[in-house]
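Structural characterization, general
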Amino acid sequence: MSTPDQPGTRSGDEAVRKAEERAASTRDRNIPEFDDLPSTPDTANLRLGPNLNDACLSLLPLVGVWRGDGVAEHPSLDEPYQYRQQVTFAHDGRPFLYYEARSWLLDSDGELIGPGAREVGWWRPQPDDTIELLLAHSGGVMELFYGRQRNQTSWELTTDTVLRTASAEEVSSAHRLYGIVEDGDLAYVEERSLAGQPPKPHISARLRRVVG
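About the cut-offs
- Residues numbered from 1 in each chain as written.
- Predicted model: local features only at pLDDT ≥ 70, side-chain atom pairs only at ≥ 80, totals over all residues.
- Heavy atoms only, no water.
- Helix = DSSP H or I, 4+ residues; strand = E, 2+ residues; numbered from the N terminus.
- Polar contact = N/O pair within 3.5 Å; in protein donor to acceptor, adjacent residues only side chain to side chain.
- Contact = heavy atoms within 4.5 Å.
- Pairing = 2+ DSSP bridges.
- Axes fitted to C-alpha atoms, helices over the stretch in contact; angles between N-to-C directions.
- 1 Å grid on protein atoms, 1.4 Å probe; cavity = no way out; pocket = protein on both sides within 12 Å on 5 of 7 lines; lining within 4 Å.
- Points joined across faces, edges and corners; volume = space filled by probe spheres on them.
- Buried < 20%, exposed > 50% of the residue type's maximum accessible area, 1.4 Å probe, protein only.
- pLDDT = per-residue confidence, 0-100.
- Phe/Tyr/Trp six-rings, centres within 6.5 Å; stacked < 30°, edge-to-face > 60°.
- Salt bridge = Lys/Arg side-chain N within 4 Å of Asp/Glu carboxyl O.

Attention now goes to the side chain of E119. Take E119: it is sitting in strand β4 (residues 112–125). Side-chain polar atoms of E119 contact the side chain of H137, separated by 3.2 Å. With residues up to four places along the chain from it excluded, the contact list for E119 reads Y99, E100, A101, L135, A136, H137 and R176.

The following block contains the structure:
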């Protein structure tokens, strides 16, 4: 599996300056919430809402809302296809992150043509530094991943269990790698075993922070 590019070597002052420039348009934005419910609202902005739970500090760089484009491959298709995606990592002060990914299909010119796959779940860091990731896909597949933080800005996870409904496509395993890359973007790649075939590259994307 290819891995997300790692940031190049830069001075600390330059990295801080560029981070501040990127944050100028996102630091005051957050997930829209109603304020009449008896619970702590989710926040995808570390400057707003409850403090991030200490158990989630290894996941801190992921917190935010991210948007960008990706490429997907599928055994049933002759060519890859493009998609646009919004990914949310949020928290409410408890020791887990809420995760949601929504995608939209693009044509060959990069124009939107309709809704794509959706998935929701929970990132649950554990005292032994492992990460449990529970995912439910709109296509009828449910997955339990286990993984670890590889370094301060990358995370790797592999399925331990895959469940699917009678109407879902055949999926037997998946492997994901996430990383914060050059210019503070979030990149990820996934290999997935589909239709009885061995694991193959399935999706990859590079997303820019829009909240947080």
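This paragraph deals with the sheet that holds strand β1 (residues 64–72). The antiparallel closed barrel is built from 10 strands, whose spatial order is β1-β2-β3-β4-β5-β6-β7-β8-β9-β10. On average, each strand axis in the sheet is tilted by 25° relative to the strand beside it, whichever way the strands run. Bridging between strand β6 (residues 141–151) and strand β7 (residues 154–164) involves 10 bridges; their strand directions are antiparallel. Each residue of the ladder has a partner; that of G147, found in β7, is L157.

What follows is about the layout of surface pockets. A volume near 530 Å³ is recorded for the second largest pocket. Counting only elements with at least two residues in the lining of the second largest pocket, the list comes to β2 (81–90), β3 (97–106), β4, β8 (171–180), β9 (186–194) and β10 (200–211). Broken down by element, the lining of the second largest pocket gets its largest block of residues, 5 residues, from β9.

What follows covers the side chain of H175. Looking at where H175 falls in the secondary structure, it is placed in strand β8. With a relative accessible area of 18%, H175 lands in the buried category. A polar contact is formed between the side chain of H175 and the side chain of E156, at a distance of 2.7 Å.

This part takes up the confidence of the model for the chain. The pLDDT averaged across the chain works out to 90; a share of 89% of its residues lies at or above 70. The low-confidence segment residues 6–10, where pLDDT is below 50, has 11 contacts with residues more than four positions distant or belonging to other chains.

As a further point, take the packing of aromatic side chains. What the rule picks out here adds up to 8 aromatic pairs. Arranged with centres 6.5 Å apart and planes meeting at 85°, the rings of F89 and Y178 form a pair that is edge-to-face. A residue pair is termed long-range when its members are at least 10 positions apart, and F89 in strand β2 and Y178 in strand β8 qualify at 89 residues. Y178 carries the same exposure label as F89, and that label is buried. Centre to centre, the rings of F96 and W122 are 5.4 Å apart; their planes meet at 90°, and the pair counts as edge-to-face. Separated by 26 residues along the polypeptide, F96 in the loop between β2 and β3 and W122 in strand β4 bring together distant segments of the chain. One aromatic cluster in this structure is built from F89, Y99, W123, Y178 and Y188.

Moving on, we come to the pattern of salt bridges. A side chain of one charge can pair with a side chain of the opposite charge when the charged atoms of the two come close. Scanning the model with the defined rule gives 11 salt bridges in all. Note that D92 is salt-bridged to R94, the shortest N-O span being 2.8 Å. With its nearest N and O atoms 2.9 Å apart, the salt bridge here joins E119 to R176. You can see E119 sitting in strand β4 and its partner R176 sitting in strand β8, a full 57 residues away along the chain. Considered together, E119 and R176 belong to a single accessibility category, that of buried residues.

Both β3 and β4 contribute to a ladder of 9 bridges, which runs antiparallel. Bridge pairing in β4 links Y99 to G121. Joining the antiparallel neighbours β3 and β4 is a turn of 5 residues, in which G110 adopts a positive phi near 80°. Sheet analysis places β4 next to strand β5 (residues 130–137), joined by 7 bridges and oriented antiparallel. Counted as the bridge partner of R124 is E132 from β5. Two successive antiparallel strands, β4 and β5, enclose a turn made up of 4 residues, where D129 displays a positive phi of approximately 75°.

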